[in-house]
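Residue-level structural notes
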Amino acid sequence: MINKNLNSGEIITDGDKSSTLRLLFPQWQGGNNASYMFGSEMLAWLAPNTDGPVERVNVQEPTTDPLIVEDGIVARQALLDQANDARRLIDKHNPERIVVLGGDCLVTLSPFAYLNEKYNGDLAILWVDTHPDVMNKSVFQHGHAMVMGNLLGEGDEDFIDLVQQPVKSSHVMFAGIRETLPELPEVRDMEKKFFERFQLRSVSPETLAQNSKPVIDWLKEIGVRNVAIHIDLDVLDPKLFRSLLFSNPDPSTPKIVGSPSGGMTLKQVTDLLSEVAEHVDVVGLSITEHLPWDAIALKKMLSDLPLIGINK
């Protein structure tokens, strides 16, 4: 693909695909949900083949033991170890571009921090997500909801130490975001103050259903050459796409309180990203939080069947 700089008209080519590292990162502890590991592995299977390098981050396998809260964050040390292993694998290749197939949203931390350093701050982040992921451990214990705050240089000190060059707040746009519901007043208040303090910009799924103009106008305004795009699949409408946290069919699963579900379609997300790629160089793509409930249930059933099963 050939792209054009929005301001100068300079032609930018995607370059050799061998300079694109594909990072398989089946992390599950950030959302404290073992199913994220299977979802990540299935996502990697579904993705088109690549001629470039592929690496898999060393992620601890789920066990029956509950995860422990460490200094206010669930599985803090495991998350740090895995983020550092991801960075080790990235530095091994020194890629121009990175594709991340996750796992929970925290898998995006090390790759996007690297890319912001690689391009010396000439990087925009388009965060396609129902949630902004700017929480901290004073209001929430799960690391996957803190990643964008970490990239902006805020949060637990060991996580922000992984971000040698924080992303400029003007270089961040949230697409598909929905306001946290009143059932979580502390979170809602914290997110509102965070957005005001950093003067962060966002665009709703309802607006994006009409066109991508707010995102393109933002890219024109900041004039960057490169963009990294994070996609949390929960930006999708769970009535239309079922492989999401909000679509868990298990009636024994506790109801999700205060967290809004997504409102976009697959086509709307595809159209948005395709239009962005027409104007700037996409150097990062992170796809996260895939939860294929039907496949997970079928996998368990196969394990329990006679002849084929492993649990008999």
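Look a little higher up for the structure.
Note that the structure is predicted; figures quoted are calculated from it, not measured. (Residues numbered from 1 in each chain as written. Predicted model: local features only at pLDDT ≥ 70, side-chain atom pairs only at ≥ 80, totals over all residues. Heavy atoms only, no water.)

**Description of empty space enclosed by the protein**
Enumeration over the complete set of coordinates arrives at 1 cavity of 30 Å³ or more. Considered as a void within the structure, the largest cavity measures approximately 30 Å³ in volume. Around the largest cavity, the lining residues are Phe25, Gln27, Leu79, Ala83, Leu106, Leu109 and Ser110. Considered class by class, the residues forming the lining of the largest cavity number 5 nonpolar, 2 polar and no charged. (1 Å grid on protein atoms, 1.4 Å probe; cavity = no way out; pocket = protein on both sides within 12 Å on 5 of 7 lines; lining within 4 Å. Points joined across faces, edges and corners; volume = space filled by probe spheres on them. Nonpolar A, V, L, I, M, F, W, Y, C, P; charged D, E, K, R; others polar.)

**Side note on the sheet that holds strand 11 (residues 226-232)**
Pairing is parallel across the open sheet formed by 8 strands, whose spatial order is 4-3-7-12-11-8-9-10. The outermost strands of the open sheet, each flanked by one partner alone, are strand 4 (54-56) and strand 10 (201-203). Put simply, the sheet's adjacent strands are angled 20° from each other on average, direction ignored. Of the strands in this sheet, strand 3 (20-25), strand 4, strand 7 (97-102) and strand 12 (281-288) touch helix 1 (residues 35-46), which is tilted by about 130° from strand 7. Along the sheet, helix 9 (residues 266-277) contacts strand 8 (123-128), strand 9 (172-175), strand 11 and strand 12; its crossing angle with strand 11, the most-contacted strand, is approximately 170°. (Pairing = 2+ DSSP bridges. Helix = DSSP H or I, 4+ residues; strand = E, 2+ residues; numbered from the N terminus. Axes fitted to C-alpha atoms, helices over the stretch in contact; angles between N-to-C directions. Contact = heavy atoms within 4.5 Å.)

**So, the nonpolar core**
Counting residues in hydrophobic clusters, the biggest one holds 52 residues, and the most contacted among them are Leu115, Met148, Leu151 and Phe174. The dominant element in this core, judged by the number of residues it contributes, is helix 2 (residues 76-93), at 6 residues. Apart from residues lying up to four places away in sequence, Phe174 is in contact with Trp127, Pro132, Val134, Met148, Phe195, Leu200, Arg201, Ser202 and Val203. Leu126, Met173, Leu233 and Val276 belong to the second-largest nonpolar core, a separate cluster that totals 31 residues. (Core = buried A, V, L, I, M, F, W, Y, C linked by side-chain atoms within 4.5 Å. Buried < 20%, exposed > 50% of the residue type's maximum accessible area, 1.4 Å probe, protein only.)

**Things to note about the packing of helix 1 against helix 10 (residues 293-304)**
Close contact between helix 1 and helix 10 brings their axes to 10 Å; oriented N to C, the two are set at 105°. When the interaxial angle is binned, helix 1 and helix 10 end up roughly perpendicular. The residues of helix 10 that touch helix 1, namely those facing Ser35, Phe38 and Met42, are Trp293, Ala295, Ile296 and Lys299. Classifying every residue of the contact of helix 1 with helix 10 by side-chain character gives 5 nonpolar, 1 polar and 1 charged. (Parallel < 35°, antiparallel > 145°, perpendicular 65-115°, else oblique.)

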